[in-house]
Structures are given as structure tokens and as C-alpha cells.
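Residue-level structural notes
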Amino acid sequence: MLVEPIDAPAGRQQRRKPTIRDVAAASGVSRGTVSRVINGGHWVSPEAREKVDKAIETTGYYANTHARSLATGRSDSVAFLLTEPQHLLFADPTFALLLRGAAEALAARRKTLVLLVAGTPEERENVSHFVGAGHVDGVLLISSHEKDPLLDSLIAAGVPTVACGVPLGHQDDVITVSIDEVGSARTAARHLAGLGRERIAMIAGPEDTPGGRFRVVGFQEELGERFDADRVERGDYSHESGAAAMAALLARDPDIDAVFAASDRMAAGAIATLRAAGRSVPDDVAVVGFDDSGLAASVDPPLTTMHQPFDEISAEMVRLLLDAIAGKDPASVTLPASLVTRASA
């Protein structure tokens, strides 16, 4: 039996999907130029890129990423891998800032960001299988810890990886974007000493993290003979650990007149403890934090802190990772942190 085709009702006819040819016609450039823009923008002038971007928006073109991944062996996606408990993604503003910056930088290059959290052994194993199976082209590694088996597996599998901070034990094994941890801590300690403070304490981060390790080194180097190991207490970068560390420091030395905390959250916790102990900030105890993630300006009193350029960190991590995925051999980058002076010190 022959069945006559039924015409689709007006307004419901399928619209032909725009192609690279349509984008090329709309932008006035060659199809090769359009293809280069879509695949990363290498060897394309800013003017041509702008024309292609506008034409893509006008025509409604989108790339067939599945077909392209079959042809190239790439997924055109990158993992933002946080090796911390899940709640810290929302509790610690530094991670949210890095995530936002990475998402923006990847979107500008038409790459997809895949968020992965690996704070437990089970999550680490799942992530290792997911990444190893090629579901992403590379990894932006956030908050690495010493002797992390997940990092070992990424290196062993040859997965292009860029770490935020220098991963302890793997300094020469992965590309890094890091802050000058030692120099930044020296700047903070120098500022407190310059205020005439004599009994300067530090609330350091975990020793198995680069910030926890190297900021203590800079603090000690700057204070020299004035450094006292009994005036160093460690926390885990949280508000609660900063409060507990400050209480322990005051118990050992009630005459502390300044403290450098290795995160703004720990500095805020320290201020809460000082206030509960009847100490005023900055008159009795000057306080300097680290990060300038947005929390610092809202603390009472507003927090003097070392500013990390989070947008630049994210952008550099994305740039280096895409270069590594493309087969290049990019060099690691170290960025400076700057002192932002507010009322706490």
C-alpha cells in the first residue's frame, strides 16, 4: 500500500540546521577560517574571529561535538577537579571564584567544563575511571594534597593536567599555576612587623598542601630571629579551625599582638576568638588574612589580606591546559599576590 506523505502544518516544518557554509557566508570569511575559530581560534585574526562569532550568533549555528569527537578523538571538554569534600565547593569562596573563572575562559573557547569532586576514596576511584576513559581531554586540578593517589593516577595515565598551586611531591610532574607563596607570606609578615608588632603569630594551613607548607616558610624567613615556632598553629582553612587555632595560640602566649592567617576564613575565625577573649582588632591584635575572596571586605573589622588574582589564575590554567592538550609543552606560571590594606591591620 502506498502512503502519501503528509505535509507538516504551517509553522511546524523543520528548519534546516545552519552549517559552517552558512556561517562563512554570513561572516564573509572562508569555511576554513570558520573551522579554525570553532576549533580553538588558532591562526585567526581578532577581526575575523569577531565576524565569525557574530555570524554564529546570527545563524544559530552550533558544532556537532559528537561527530567531531569521533573524528578527532577529543571530547572538547575539560574537568574542573576539586579534591576536597563536596560542601567546600560552596563553603569556601575561593573554589567558587576559580570555578567561575575557568567556566568563562572555557566558554570563550567553546569548550565544555565538567565539574568533578573527589573528596572521598570512592569519589577518587570513580573520577580516576571517568577521566581515564577519555570523557575529558584534560584536568584543571584544584587543591592538591601530598601523596594523593588520584594525582598519581592522572600522571600515570598521561592525562594533560594543570594544577592550581605546586603539588607537593610532584613539582616537576605537572604544569602549575601558582601564587608566590613564600613571597606573599613574607609581605604579610613584613607588614605586621612594620606596624611595630613584636609577638607575631601565624595560623597556617594543612602541611600537606602547598599553601600550608610554603606560607610558613615565607613567614619564618621574614621574621628571622623573631620567629617562634610556638606561635604557629595549624588549621584547615575553615572559620572553625581559625577560631580554635587562635584560642590555642592565646593559651600559649596571651601577649600575642599580631596574627597572620593563611586564609580569610581562618582570619575571620581568629577575630571571633579575639573578640570573645576581650581583645580588640587591630588595637590589641592586628590581623592579616590571605585570599581576598570577597569575605575579607565583609568581616568586622574589614580584613587586611593578601589578594590572589583568581580570574588570572583560572585564565592561565585554562590557557596552559589547552596548549598541553594541543601537544605543546607550556611552562608553569607563578603569579604575585598583593597586599590589600583594610582596618584589621
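Residues numbered from 1 in each chain as written. Predicted model: local features only at pLDDT ≥ 70, side-chain atom pairs only at ≥ 80, totals over all residues. Heavy atoms only, no water.

This brings us to the sheet that holds strand E11 (residues 333-335). The 6 strands are arranged E2-E1-E3-E4-E5-E11 in an open sheet whose pairing can be described as parallel. At either end of the open sheet lies a strand with only one pairing partner, and these are strand E2 (112-117) and E11. For this sheet, the mean angle separating the axes of adjacent strands, direction not counted, is 15°. Inspection of the sheet shows strand E3 (residues 138-142) paired to strand E4 (residues 161-164) by 4 bridges, in the parallel sense. Along E4, the bridge assignment pairs valine 139 with threonine 161. Each of strand E1 (77-82), E2 and E3 is contacted by helix H7 (residues 121-132), which is oriented at about 150° to E2, the strand it contacts most. (Pairing = 2+ DSSP bridges. Helix = DSSP H or I, 4+ residues; strand = E, 2+ residues; numbered from the N terminus. Axes fitted to C-alpha atoms, helices over the stretch in contact; angles between N-to-C directions. Contact = heavy atoms within 4.5 Å.)

This brings us to the layout of surface pockets. Computed from the structure, the largest pocket encloses a volume of approximately 560 Å³. Elements with a contribution of two residues or more to the lining of the largest pocket: helix H6 (93-108), strand E5 (175-179), helix H10 (210-223) and helix H13 (310-325). Grouping the constituent residues of the lining of the largest pocket by class yields 13 nonpolar, 11 polar and 7 charged. (1 Å grid on protein atoms, 1.4 Å probe; cavity = no way out; pocket = protein on both sides within 12 Å on 5 of 7 lines; lining within 4 Å. Points joined across faces, edges and corners; volume = space filled by probe spheres on them. Nonpolar A, V, L, I, M, F, W, Y, C, P; charged D, E, K, R; others polar.)

Another point: H6. The end-to-end C-alpha distance of H6, which contains 16 residues, comes to 23 Å, matching closely the 22 Å that a straight helix rising 1.5 Å per residue would cover. Listed in full, the buried residues belonging to H6 are Thr94, Phe95, Leu97, Leu98, Leu99, Gly101, Ala102, Ala105 and Leu106. Among the residues trailing H6, arginine 110 stands out with phi positive, at a value near 55°. (Expected span 1.5 Å × (residues − 1). Buried < 20%, exposed > 50% of the residue type's maximum accessible area, 1.4 Å probe, protein only.)

All right, on to empty space enclosed by the protein then. Gaps left between atoms show up when a probe the size of a water molecule is rolled over them. For the structure shown, the criterion picks out 1 cavity of 30 Å³ or more. Of the voids in this model, the largest cavity is the one considered here, and its volume is about 30 Å³. Taken together, Arg197, Glu198, Ile200, Leu223, Arg226 and Arg231 make up the lining of the largest cavity. Among the residues making up the lining of the largest cavity, the classes are represented as 2 nonpolar, no polar and 4 charged.

It is worth spelling out the packing of aromatic side chains at this point. What describes a pair of aromatic rings is the distance from one ring centre to the other and the angle between the planes of the rings. Following the criterion strictly, the structure yields 3 aromatic pairs and no others. Three or more aromatic residues joined by ring pairs make a cluster, and in this case those are Phe219, Phe227, Phe260 and Phe290. Above the ring of phenylalanine 290, the side-chain terminus of arginine 215 is found at 3.7 Å from the ring centroid. (Phe/Tyr/Trp six-rings, centres within 6.5 Å; stacked < 30°, edge-to-face > 60°. Lys NZ or Arg CZ within 6 Å of the ring centre and 35° of its normal.)

So, about the environment of tyrosine 237. Tracing the backbone shows tyrosine 237 in the loop between strand E7 (232-234) and helix H11 (239-252). Ignoring any residue separated from it by four or fewer positions in sequence, one finds tyrosine 237 in contact with Gly205, Pro206, Thr209, Gly211, Gly212, Arg215, Ala262, Ser263, Arg265 and Met266.

Strand order in the open sheet formed by 6 strands is E7-E6-E8-E9-E10-E12, and the pairing between neighbours is mixed. Looking along the sheet, the strands with just one partner apiece sit at the ends: E7 and strand E12 (338-340). In this sheet, adjacent strand axes meet at a mean angle of 20° when their direction is disregarded. Relative to strand E8 (residues 258-261), strand E6 (residues 200-204) is paired through 4 bridges, and the arrangement is parallel.

By the element assignment, arginine 215 lies in helix H10. Taking relative accessible area as the criterion, arginine 215 reaches 6% and is therefore assigned buried. Setting aside chain neighbours within four positions, we find arginine 215 in contact with Glu181, Ala185, Met202, Pro210, Tyr237, Ala262, Phe290 and Gln308.

Ile203, Phe219, Met246, Phe260 and Val287 are the most contacted members of the largest nonpolar core, which has 74 residues in total. No other element matches H13, which puts 9 residues into this core. Those residues in contact with phenylalanine 260 that lie beyond four places of it in its chain are Ala185, Ala188, Leu192, Ala201, Met202, Ile203, Phe219, Val288, Gly289 and Phe290. Counting 15 residues, the second largest nonpolar core, distinct from the first, contains Leu116, Val127, Val131 and Val139. (Core = buried A, V, L, I, M, F, W, Y, C linked by side-chain atoms within 4.5 Å.)

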